[in-house]
Amino acid sequence: ARNWTEEVRTIREGLAILPTAKVMPVRYEQLLKSPLPQLNELLRFIGVEKRPAYDSAIGRLGISERRESWKTWTAQQLAVVTKIQSAYLQSLNYL
């Protein structure tokens, strides 16, 4: 829980120095759910022309929705993690 919180903080600090027009938020869940549309959006954002090989390359990666192990945590485990991560979870609209 603390590692994730530190990673999010570090990423935000790095992104804060960039103009907002140069930052494209990508949600992990959306990337897993629909990798090709997410890739297409990213390519448009960075101004790179899409190539047919990209679709097949993404398909070969085997990106798919994964089992979310946190859903099997006990109420106590979830409460501990939520307490540690609550500020970031709220800012990312998870709570």
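Predicted, not measured: the structure shown is a model, and the values here were computed from it. (Residues numbered from 1 in each chain as written. Predicted model: local features only at pLDDT ≥ 70, side-chain atom pairs only at ≥ 80, totals over all residues. Heavy atoms only, no water.)

Concerning the overall build of the protein
Counting its secondary structure elements, the protein contains 5 helices and 0 strands. The order of α-helices and β-strands along the protein, N terminus first, is α-α-α-α-α. Relative to its length of 95 residues, the protein is extended, with a C-alpha radius of gyration of 16 Å against a globular reference of 12 Å. Expressed as lengths along the three principal axes of its C-alpha atoms, the size of the protein is roughly 50 × 35 × 20 Å. Here the analysis covers contacts within the protein between residues at least 6 apart in sequence; of these, 52% occur between residues at least 24 apart. When the accessible surface of the protein is totalled, it reaches about 7,700 Å², and 58% of it is carbon and sulfur. Averaging the positions of the 14 positive and the 9 negative side-chain charges in the protein gives two centres separated by 2 Å. (Helix = DSSP H or I, 4+ residues; strand = E, 2+ residues; numbered from the N terminus. Rg over C-alpha atoms; globule rule 2.2 N^0.38 Å. Contact = heavy atoms within 4.5 Å. Areas by Shrake-Rupley, 256 points an atom, 1.4 Å probe, with all protein chains shown as cover. Lys, Arg positive; Asp, Glu negative; His and termini not counted. Charge placed at Lys NZ, Arg CZ, Asp CG, Glu CD.)

Describing the layout of surface pockets
Empty space within the largest pocket amounts to approximately 1,300 Å³. As for the largest pocket, its lining consists of 34 residues, and the residues nearest its centre are W4, Y28, E29, L92 and Y94. Breaking the lining of the largest pocket down by element, the ones donating at least two residues are α1 (2–16), α2 (28–33) and α5 (75–91). Taken together, the residues of the lining of the largest pocket break down into 19 nonpolar, 6 polar and 9 charged. (1 Å grid on protein atoms, 1.4 Å probe; cavity = no way out; pocket = protein on both sides within 12 Å on 5 of 7 lines; lining within 4 Å. Points joined across faces, edges and corners; volume = space filled by probe spheres on them. Nonpolar A, V, L, I, M, F, W, Y, C, P; charged D, E, K, R; others polar.)

Re α5
At Q85, α5 shows its largest bend, some 75°. Turning to α5, its buried residues number three or more, namely V81, Q85, Y88 and L89. Those residues of α5 that are buried are in contact with α1. Positive phi appears at N93, one or two residues downstream of α5, with a value of about 65°. (Bend = angle between axes of the 7 residues up to and from the residue. Buried < 20%, exposed > 50% of the residue type's maximum accessible area, 1.4 Å probe, protein only.)

Section: the side chain of Q85
Relative to the helices and strands, Q85 is located in helix α5. What Q85 contacts, discounting residues up to four positions off in sequence, is A1, W4 and T5.

Describing the packing of aromatic side chains
A complete count under the given rule lists 0 aromatic pairs for this structure. If you follow R27 out to its NZ or CZ, it ends over the ring of Y94, 4.5 Å from the centre. (Phe/Tyr/Trp six-rings, centres within 6.5 Å; stacked < 30°, edge-to-face > 60°. Lys NZ or Arg CZ within 6 Å of the ring centre and 35° of its normal.)

What to know about the packing of helix α3 (residues 35–46) against helix α4 (residues 52–61)
Relative orientation of the contacting elements α3 and α4 amounts to 135°, with a least axis distance of 10 Å. When the axes of α3 and α4 are compared, the pair comes out oblique. The interaxial crossing formed by α3 with α4 has right-handed handedness. Along the contact surface, α3 presents P35, L36, L39, N40 and L43, while α4 presents Y54, D55 and I58. (Axes fitted to C-alpha atoms, helices over the stretch in contact; angles between N-to-C directions. Parallel < 35°, antiparallel > 145°, perpendicular 65-115°, else oblique. Left-handed = near helix turned anticlockwise from the far one by under 90°.)

What about the packing of α1 against α5?
Packing of α1 against α5 brings their axes to within 9 Å, and their N-to-C directions diverge by 45°. Comparing their axes, α5 and α1 come out oblique. As for how α1 packs across α5, the hand of that crossing is left-handed. Along its contact with α1, which presents R2, W4, T5, V8, R9 and R12, the element α5 presents I84, Q85, Y88, L89 and S91.

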